[in-house]
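One-letter residues, chain by chain:
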Amino acid sequence: MIHDTVKINLLHLKNSILELSSEQFVKPIALLSDSSIGMHARHIIEFYQCLLIGIESGIVNYDNRERDSELEVSPEYCIKIIDEILLEVNKLSLNVDLVLQTSYCTLDSLNKIDVATSVKRELIYNIEHTIHHLAIIKIGIKALDPLITLDESVGVAVSTIRNKNICAQ
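Keep in mind the model is a prediction, meaning the values are calculated, not measured.

Draft legend 1. Examining the side chain of Thr102 more closely. By the element assignment, Thr102 lies in strand S2 (residues 97–102). Here Thr102 falls in the buried class, since its relative accessible area comes to 11%. Looking at Thr102, its side chain comes within polar contact range of the side chain of Asp63, at 3.2 Å. For Thr102, the contacting residues outside a window of four places in its chain are Asp63, Asn111, Lys112 and Ile113.

Draft legend 2. Representation of the pairing of S2 within the structure. One ladder, built from two bridges, connects strand S1 (residues 59–60) with S2; its direction is parallel. Note on S2: the bridge partner recorded for Ile59 is Val99.

Draft legend 3. Seen up close, the sheet that holds S2. Spatial strand order, S1-S2-S3: three strands in an open sheet with mixed pairing. For this open sheet the edge positions go to S1 and strand S3 (113–118), each flanked by a neighbour on one side alone.

Draft legend 4. Summary view of the packing of aromatic side chains. For the structure on display, the rule yields three aromatic pairs. The interplanar angle of 10 degrees and the centroid separation of 4.8 Å between the aromatic rings of Phe47 and Tyr62 together place this pair among those described as stacked. Of the two residues, Phe47 is situated in helix H3 (residues 37–57) and Tyr62 in the loop between S1 and helix H4 (69–73); the sequence distance between them amounts to 15 residues. A relative accessible area of 5% places Phe47 in the buried class. On the accessibility criterion, Tyr62 (7% relative accessible area) is buried.

Draft legend 5. Highlighting the pattern of salt bridges. A complete count under the given rule lists five salt bridges for this structure. Between Lys80 and Glu84 there is a salt bridge, with its nearest N and O atoms 3.0 Å apart. Note that Lys80 and Glu84 are positioned in helix H5 (residues 75–90) at a spacing of four residues, about one turn of the helix. Given a relative accessible area of 45%, Lys80 falls into the partly exposed group. A residue is classified by how much of its surface remains accessible, and Glu84, at 38% relative accessible area, is partly exposed. A salt bridge links Lys91 to Glu88; its shortest N-O distance comes to 3.4 Å.

Draft legend 6. How the structure looks around the side chain of His43. Mapped onto the fold, His43 is located in helix H3. Excluding residues within four positions of it along the chain, His43 makes contact with Arg65, His129 and His133.

Draft legend 7. Here's a closer look at the nonpolar core. Core analysis: the largest hydrophobic core is formed by 44 residues, its most contacted members being Leu13, Tyr48 and Leu123. For this core, the secondary-structure elements that each account for two or more residues are helix H1 (2–18), H3, H5, S2 and helix H6 (119–144).

Draft legend 8. Here's a closer look at the packing of H1 against H5. Running from amino to carboxyl end, H1 crosses H5 at an angle of 170 degrees, the nearest separation of the two axes being 10 Å. Comparing their axes, H5 and H1 come out roughly antiparallel. Residues His3, Val6, Lys7, Leu10, Leu11, Leu13, Lys14, Ile17 and Leu18 of H1 touch H5, and the partners they reach there are Pro75, Cys78, Ile79, Ile82, Asp83, Ile85, Leu86, Val89 and Asn90. Looking at the contact of H1 with H5, its residues break down into 13 nonpolar, two polar and three charged.

Draft legend 9. Representation of the environment of Lys120 in the model. Looking at the element boundaries, Lys120 is found in helix H6. Assessed through its relative accessible area of 35%, Lys120 is described here as partly exposed. Separated by 24 residues in the primary sequence, Lys120 and Leu144 have C-alpha atoms spaced 35 Å apart. Among residues more than four places away in sequence, those in contact with Lys120 are Ile2, Leu94 and Asn95.

Thresholds applied
- Per-chain numbering applies: the sequence of each chain, read as written, is numbered from 1 onward.
- At least 70 in pLDDT is required for a residue's local features to be given in this predicted model, at least 80 for side-chain atom pairs to be given and counted, and no such filter applies to totals for whole chains, interfaces and linings, which use all residues.
- Side-chain measures here rest on the full set of heavy atoms in the structure, leaving out hydrogens and waters.
- Only DSSP runs of H or I with at least four residues qualify as helices, and only runs of E with at least two residues qualify as strands; both kinds are numbered from the N terminus onward.
- Accessibility here uses a 1.4 Å probe with only protein chains present; expressed as a share of the type maximum, an area under 20% marks a residue as buried, one over 50% as exposed, and anything in between as partly exposed.
- Under the rule applied, a polar contact is a pair of N or O atoms within 3.5 Å (in protein, one hydrogen donor and one hydrogen acceptor; residues adjacent in sequence only if both atoms are side-chain atoms).
- Here, two residues are considered to be in contact whenever any of their heavy atoms come within 4.5 Å of each other.
- For two strands to be treated as a pair, DSSP must find at least two bridges joining them.
- The pairing test for Phe, Tyr and Trp rings, Trp by its six-membered ring, is centres within 6.5 Å, and the orientation test on the planes gives stacked under 30 degrees, edge-to-face over 60, and tilted for anything in between.
- By definition, a salt bridge exists where a carboxyl oxygen of Asp or Glu is found within 4 Å of a side-chain nitrogen of Lys or Arg.
- Nonpolar core, defined: a set of buried Ala, Val, Leu, Ile, Met, Phe, Trp, Tyr and Cys residues in which side-chain atoms within 4.5 Å join the residues together.
- Interaxial angles span 0 to 180 degrees and are taken between N-to-C directions of axes, which are lines fitted to C-alpha atoms, for helices over the stretch in contact.
- Just so you know how the angles are binned, under 35 degrees is roughly parallel, over 145 roughly antiparallel, 65 to 115 roughly perpendicular, and the rest oblique.
- Nonpolar residues are Ala, Val, Leu, Ile, Met, Phe, Trp, Tyr, Cys and Pro. Charged residues are Asp, Glu, Lys and Arg, and all others, Gly as well, are polar.

Rendered as structure tokens:
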């Protein structure tokens with residue numbers, strides 16, 4: 001089920017990117033503090049990349065993202081990387097223990113905190129993180145072009161969708 005939810009949200013990201021021209025993808029959007037759809041796409045993608053790299057070493061550190069500017073400016077490259085992540089995520093075993101390493105100190109990144117976690121927990125975190133940024137992307141796309149329509153579930157929490165479905169019955 002977790003793998004399916006990851007897939008759905010990454011496909012939402014991919015389909016959102018496909019709705020845009022290259023110019024729209026990179027355009028700073030005032031409503032989003034001058035960030036672009038490409039910047040938010042990069043951010044989502046790099047969190048998944050950090051998780052996949054972390055599984056190899058046993059340590060996940062989202063602070064050490066590459067911040068690959070090509071992901072911000074190339075919709076085609078983003079889609080290629082999303083497709084690669086989808087293939088890798090499908091193969092993941094959920095019950096692998098990991099250490100999440102982070103720092104909340106703004107002056108010293110050496111002041112790290114280690115937290116016991118697992119692939120399952122980090123996939124759940126990435127799902128929630130992706131939904132949050134998809135909601136922002138949806139707002140940005142509407143600001144760019146109100147005529148672009150996205151699936152109504154883009155950027156909406158699974159619990160909200162479930163609640164709407166229950167209420168509709």
